[in-house]
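Chain by chain, the residues:
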Amino acid sequence: MASSTISVVPLVVDGRRVEAAADEHADVFNPSAGSVICRVPMCGPAEVDDAVRSALAAFERWSQSPAPKRAEVLFRYKAILEDQFEALAGLVSTENGKTLEEGRGDVRRGIEVVDFSCGIAHLGKGETLGQLAEHIDGHTTREPIGVCAGITPFNFPAMVPLWMFPVAIACGNSFVLKPSEKVPLTAVRLAELALEAGLPPGVLNVVHGGRPVVESLCRHPDIASVSFVGSTAVAEQVYRMGCETGKRVQAAGGAKNVMIVMPDAEPDSTIRAVMGAAYGCAGQRCMAGSIVMGVGDAAGPLERRLSSAIDALVVDDTVANPDAQMGPLIDASARDRVARYIDNGQREGARLARDGREKAPSSGFFLRPTLFDEVQPDMSIARDEVFGPLLSMQRPADLDEAIERANRSPYGNGAVIFTSSGAAARRFARGIRCGMVGVNVGVPAPMAAFAFSGWNRSFFGDLHVQGHEGVMFYTRQKIVLSRWDDTYERQQGW
Ligand code: NAD
């Protein structure tokens, strides 16, 4: 495509699509084809300032609007998202590379948060205690905090932004979203549809860019909170920067999730779940299972069945081939990084059971699934977040050894066990040190009703995104104590 025909993604500020006057642009790819589909402006502090000013002005009225009125907008938004469901799933698939079915999942999980946020009239209630002291009653209200910022990763273009802004705006805040520069199109579409639903101009704004925009958001004096989802290194920086300027920060980072397969696990459903967790979205999920532990006698059959399931997996262009079961990596550097981990694994002495560099489609940014067996806990493929379709198999002797190995990880998003023993499941759930635990569930990502509860270096902050914790994060508590003396009561002779 000639560069003159490539469009530039707009910002959304004050209810309008805005062309940014940025000097720098980044390419946005269709990762299946490896072709550029549009360009995104890499903005700076000036564009952040415009968006924050618009959000601040909108906050004045929006924060005073009754909760049921805010819910009305969200109900309409949900209906519009349902109406646009297939188009949004297609957009996610095109700019991210995941399959259309995975794109549907991405949008569906996001709509569930809108659905949850429609309940704000109930979710936002405070508490009361009559006669807290003599003639004194107490009640609390939860009030919006101001302009909230959201910074999101490339791997869930719809779901992760929707983890944040529906809850924030339901609570009466305004919002500035900075999506990943690799997948800006879905975010812009989500904001346009919110305007269509009747969200007042300025309540939701979208600014594009990379580090300079993130730093301006984290340091901006008129921003009250920062919600971040991305890699651990950046999550930690964002957490520090936001805290330095007195903001609330919730910063979710990377992960290394373990799947433990016991000898008594039901074989067919376990293989399906392990394959889905390891290779779904080409392994580009913070809840991806990236280590599988075949405990005792489970290991041999597990490796054989995984290898044949990998051989049967259709890896192809997710836009052109509706039968594709796994798509590409997000870009060439992600593909090359995963390929380097395959080199590392071989060098460090793991046994390469399936090599994803072989027979991968030649267009776009593809690798096929890789499976390493006999991986030792100190190898880089066992320690690092690879964030691609690479599964490392370990062979601990028993459940306690498996739990001990899993707990060595500095991360703490998810861990799962496959077993038909309630006792083993309970021992695992109590002993594992991470925030989201699955029993016979491959990807224990909670739905909108629960917070997304990463621990350790998978999360910096206190209150997590989504669920009740999301409402707590985007509101602050006011407690009102009222004393009414008893003059009137005495006059009445009560
Ligand atoms: P990333 O950290 O590279 O980027 C995330 C966001 O930060 C993007 O908007 C990006 O523009 C910005 N950014 C990148 N580098 C920056 C820097 N140096 N300074 C300031 N801002 C910067 O992450 P990614 O590659 O887009 O996404 C993959 C990562 O996200 C993985 O580590 C994955 O585990 C993690 N993730 C975590 C969760 C979770 O809930 N814990 C969910 C999804 C993804």
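Residues numbered from 1 in each chain as written. Predicted model: local features only at pLDDT ≥ 70, side-chain atom pairs only at ≥ 80, totals over all residues. Heavy atoms only, no water.

> Report on the sheet that holds strand 18 (residues 436-439), specifying residues and quantitative values.
Taken in spatial order, the seven strands make up an open sheet running 14-15-16-13-12-17-18, and their pairing is mixed. The outermost strands of the open sheet, each flanked by one partner alone, are strand 14 (351-354) and strand 18. Between one strand axis and the next, the sheet turns through 20° on average, direction left out of account. Relative to strand 17 (residues 414-418), strand 12 (residues 257-261) is paired through four bridges, and the arrangement is parallel. Bridging across to strand 17, Val 258 finds its partner in Ala 415. Here helix 11 (residues 299-312) sits on the sheet in contact with strand 12, strand 13 (289-294), strand 14, strand 15 (370-373) and strand 16 (390-394), set at roughly 45° to strand 14. Against the sheet, helix 15 (residues 422-431) makes contact with strand 12, strand 17 and strand 18, and its axis sits at roughly 170° relative to strand 17, the strand it touches most. (Pairing = 2+ DSSP bridges. Helix = DSSP H or I, 4+ residues; strand = E, 2+ residues; numbered from the N terminus. Axes fitted to C-alpha atoms, helices over the stretch in contact; angles between N-to-C directions. Contact = heavy atoms within 4.5 Å.)

> Can you tell me about the environment of Thr 5, naming the residues and giving the values?
The residue Thr 5 is located in the segment before strand 1 (11-13) in this model. The exposed category is assigned to Thr 5, whose relative accessible area is 52%. The sequence separation of Thr 5 and Ile 37 amounts to 32 residues, and the corresponding C-alpha distance is 9.8 Å. (Buried < 20%, exposed > 50% of the residue type's maximum accessible area, 1.4 Å probe, protein only.)

> Please set out the site of the ligand residue by residue, giving values where relevant.
Near the ligand there are 26 residues, and of these Lys 178, Glu 181, Ser 231, Gly 253 and Glu 385 occur at the shortest range. Measuring from an oxygen atom of the ligand, one finds a side-chain N or O atom of Lys 178 at 2.7 Å. Residue Gly 230 places a main-chain N or O atom 3.2 Å away from an oxygen atom belonging to the ligand. Taking 840 Å² as the accessible area of the ligand by itself, protein coverage stands at 88%. Of all elements in the fold, only helix 8 (211-219), strand 10 (223-229) and helix 9 (232-244) reach the threshold of two or more residues within the shell around the ligand. Among the domains, domain 1 (3-254 + 454-479) and domain 2 (257-439) are the pair contributing at least three residues each to the shell around the ligand. (Near = heavy atom within 4 Å. Polar contact = N/O pair within 3.5 Å; in protein donor to acceptor, adjacent residues only side chain to side chain. Areas by Shrake-Rupley, 256 points an atom, 1.4 Å probe, with all protein chains shown as cover. Domains from an automatic or database assignment.)

> For the domain arrangement of the protein, give the residues involved together with the corresponding values.
Interface size, as often reported, equals the accessible area lost upon joining of the parts. Domain parsing of the protein yields domain 1 (3-254 + 454-479) and domain 2 (257-439). For domain 1 versus domain 2, the distance between C-alpha centres works out to 31 Å. Taken residue by residue, the interface counts 27 residues in domain 1 and 30 residues in domain 2. Counting the surface lost from both domain 1 and domain 2, the interface buries some 2200 Å², and carbon and sulfur atoms represent 60% of this. Counting the surface domain 1 buries against domain 2, the share from its top three residues, Ser 32, Phe 154 and Trp 455, is 24%. The interface formed by domain 1 and domain 2 holds one salt bridge in total. Two residues, Asp 331 and Lys 182, come together in a salt bridge whose shortest N-O distance is 3.6 Å. In terms of residue count, the dominant contributor to the side of domain 1 that touches domain 2 is helix 3 (residues 85-96) (four residues). Of the residues contributing to the side of domain 1 that touches domain 2, the split by class is seven nonpolar, 15 polar and five charged. (Buried area = accessible area lost by both parts, 1.4 Å probe. Salt bridge = Lys/Arg side-chain N within 4 Å of Asp/Glu carboxyl O. Nonpolar A, V, L, I, M, F, W, Y, C, P; charged D, E, K, R; others polar.)

> Got a sec to walk through the packing of aromatic side chains? Specific residues and values, please.
Working definition: an aromatic ring pair is given by the centre-to-centre distance plus the angle between the planes. Throughout the structure, instances matching the rule amount to eight aromatic pairs. Put simply, the rings of Tyr 77, Phe 165 and Phe 175 pair up and form one aromatic cluster. The ring of Phe 156 is capped by Lys 98, whose NZ or CZ atom sits 3.7 Å from the centre of that ring. Just above the ring of Phe 85 sits the side chain of Arg 108; from NZ or CZ to the centre is 4.6 Å. (Phe/Tyr/Trp six-rings, centres within 6.5 Å; stacked < 30°, edge-to-face > 60°. Lys NZ or Arg CZ within 6 Å of the ring centre and 35° of its normal.)

> How would you summarise unusual backbone geometry if you had to cite specific residues and measurements?
Phi angles above zero are rare outside glycine, and Lys 359 is one such case at about 60°. Overall, Lys 359 belongs to the exposed group, its relative accessible area being 76%. One non-glycine residue, Phe 387, lies in the positive phi region at around 55°. The residue Phe 387 is located in the loop between helix 13 (380-383) and strand 16 in this model. Given the relative accessible area of 17%, Phe 387 is considered buried.

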